[in-house]
Amino acid sequence: MDQNAQQGVPIEIMIKIKPEPQQRIDLKIYENKISLLDQYDRAVDEFITNGAILESADAIRNTFESTVGKYLGFVVHGVNLSIFTFGSKGSGKTFSLQGNQSESGVLGLRVETLFANLESKHAAIVEEMQKLNVPEVEATTYTYSVRMKYVEVRDEGVIDLLQKYNYYKQPAQINYSEFEGYTVQGAAWVALTNSMAFPDLLAEGEKFRAPFEYNKVTKNTTMLTIEITQTLDNKATRDVKVITSKINIFDLPSADILADHFRNLSNSMEYKGIYAF
């Protein structure tokens, strides 16, 4: 298990170098440090991270195992997990998440691993009851359910990307409450019965996303939420324990937009180097 995960570090940064030909040639990578070089190969800006630095040629599975994969075990124990993808346009953020026909993306690998972990937990509980010779009428039973919601914030509005399954036809909108903070209400929740159903739902949602235009920088953000509900029912004591956890994936706007915004606030060297790796 990753050391940061064991110690409960709340935020961890992972960096993946953008693919060629978009990759910058004035970068130097050494261990956990990225340096931005001038024409004389002198470092003019540096970024040091406590997380992994992944090369552009690394397979998506390696990216998954270095980032999301090592935290999914905690989700089964009721811990929420949020992932934010951030980078300049064309750096491969969405590709890393979704993959292609020949390679599964981080999202698909995440769902496969999640269901595998849930099934392993179910098998472990059944095995424990059998070892203890607990009668069926007194045994602890374990069930789980998984559902997903997929939305895009576009032009100050919210688009339900799974609107095909929104049988109540409620408009998606952002609401605020003191208990939950800002939440998206009205968007469809769709049941995930197994990992095989996920690719089709993701493809359905992609039909309603704003089209990608390489030469156009947009500020659209997609948010995919997977909610897991687990129920432990002790028939002997009649105690019922319900565990609910969520995985949130945010595919943020191009860093070019945010960089331009911050440059209006500051002209420091930080904004000239950190956004374009």
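Draft legend 1. Structural detail: the overall build of the protein chain. Helix and strand counts for the protein chain stand at eight helices and 13 strands. Across the 277 residues in the protein chain, those meeting the buried criterion constitute 38%. Partitioning the contacts of the protein chain with sequence separation of at least 6, the portion at a separation of at least 24 is 68%. Only carbon and sulfur atoms are counted for the fraction: they give 51% of the accessible area of the protein chain, which is about 16,600 Å².

Draft legend 2. View of helix H6 (residues 198–206). If you check which residues of H6 are buried, you get Phe-198, Leu-201, Leu-202, Glu-204 and Gly-205. The arc that holds the buried residues of H6, viewed along the axis, is 160 degrees, so those residues lie on one side. The inward-facing, buried residues of H6 contact helix H4 (93–98), helix H5 (106–131), strand E7 (140–154), strand E11 (190–192) and strand E12 (221–234).

Draft legend 3. Up close: the pairing of strand E13 (residues 239–251). Relative to E13, strand E6 (residues 81–85) runs parallel, the two sharing five bridges. Following the sheet pairing, Ser-82 is matched in E13 by Asn-248. By the bridge criterion, 13 bridges tie E12 to E13 in an arrangement that is antiparallel. Paired with Leu-224 across the strands is Ile-249, a residue of E13. Hairpin connection between E12 and E13: a loop of four residues separates the two successive antiparallel strands, and Arg-238 in this loop has a positive phi of roughly 65 degrees.

Draft legend 4. Structural detail: H5. Its 26 residues place the ends of H5 37 Å apart at the C-alpha level, agreeing with the 38 Å of an ideal helix rising 1.5 Å per residue. Listed as buried for H5 are Val-106, Leu-107, Gly-108, Leu-109, Arg-110, Val-111, Leu-114, Phe-115, Leu-118, Lys-121, Ile-125 and Met-129. Taken from the residues just after H5, Asn-133 is the one with a positive phi, measuring 55 degrees.

Draft legend 5. The arrangement of a nonpolar patch on the surface in detail. A grouping of Ile-174, Tyr-176 and Tyr-182 is seen on the molecular surface, where their side chains present a nonpolar patch of about 410 Å² in accessible area. Tracing the backbone shows Tyr-182 in strand E10 (residues 181–185).

Draft legend 6. Representation of unusual backbone geometry within the structure. We note that Asn-133 has phi near 55 degrees; this positive angle belongs to a residue other than glycine. By relative accessible area, Asn-133 is classed as exposed at 65%. At Arg-238, a position not held by glycine, the phi torsion is positive, near 65 degrees. Mapping Arg-238 onto the fold places it in the loop between E12 and E13. Accessibility expressed as a relative area gives 76% for Arg-238, which makes it exposed.

Draft legend 7. Representation of the packing of aromatic side chains. All told, the structure shown has three aromatic pairs when counted by the stated rule. Taking 6.3 Å as the distance between ring centres and 65 degrees as the angle between the ring planes, the aromatic pair formed by Phe-115 and Tyr-144 counts as edge-to-face. Of this pair, Phe-115 sits in helix H5 while Tyr-144 sits in strand E7, and the two are 29 residues apart along the sequence. Owing to a relative accessible area of 6%, Phe-115 belongs among the buried residues under this scheme. Owing to a relative accessible area of 24%, Tyr-144 belongs among the partly exposed residues under this scheme. Among the aromatic residues, ring-to-ring pairing joins Phe-115, Tyr-142 and Tyr-144 into one connected group. The aromatic ring of Trp-189 is capped on one face by Arg-147, whose charged end is 4.1 Å from the ring centroid.

Here is what the cut-offs are and how they apply
Residues numbered from 1 in each chain as written. Predicted model: local features only at pLDDT ≥ 70, side-chain atom pairs only at ≥ 80, totals over all residues. Heavy atoms only, no water. Helix = DSSP H or I, 4+ residues; strand = E, 2+ residues; numbered from the N terminus. Buried < 20%, exposed > 50% of the residue type's maximum accessible area, 1.4 Å probe, protein only. Contact = heavy atoms within 4.5 Å. Areas by Shrake-Rupley, 256 points an atom, 1.4 Å probe, with all protein chains shown as cover. Arc of directions from axis to C-beta. Pairing = 2+ DSSP bridges. Expected span 1.5 Å × (residues − 1). Patch = residues over 30% accessible without salt bridge, like charges linked within 9 Å, V, L, I, M, F, W, Y side chains within 5 Å. Salt bridge = Lys/Arg side-chain N within 4 Å of Asp/Glu carboxyl O. Phe/Tyr/Trp six-rings, centres within 6.5 Å; stacked < 30°, edge-to-face > 60°. Lys NZ or Arg CZ within 6 Å of the ring centre and 35° of its normal.

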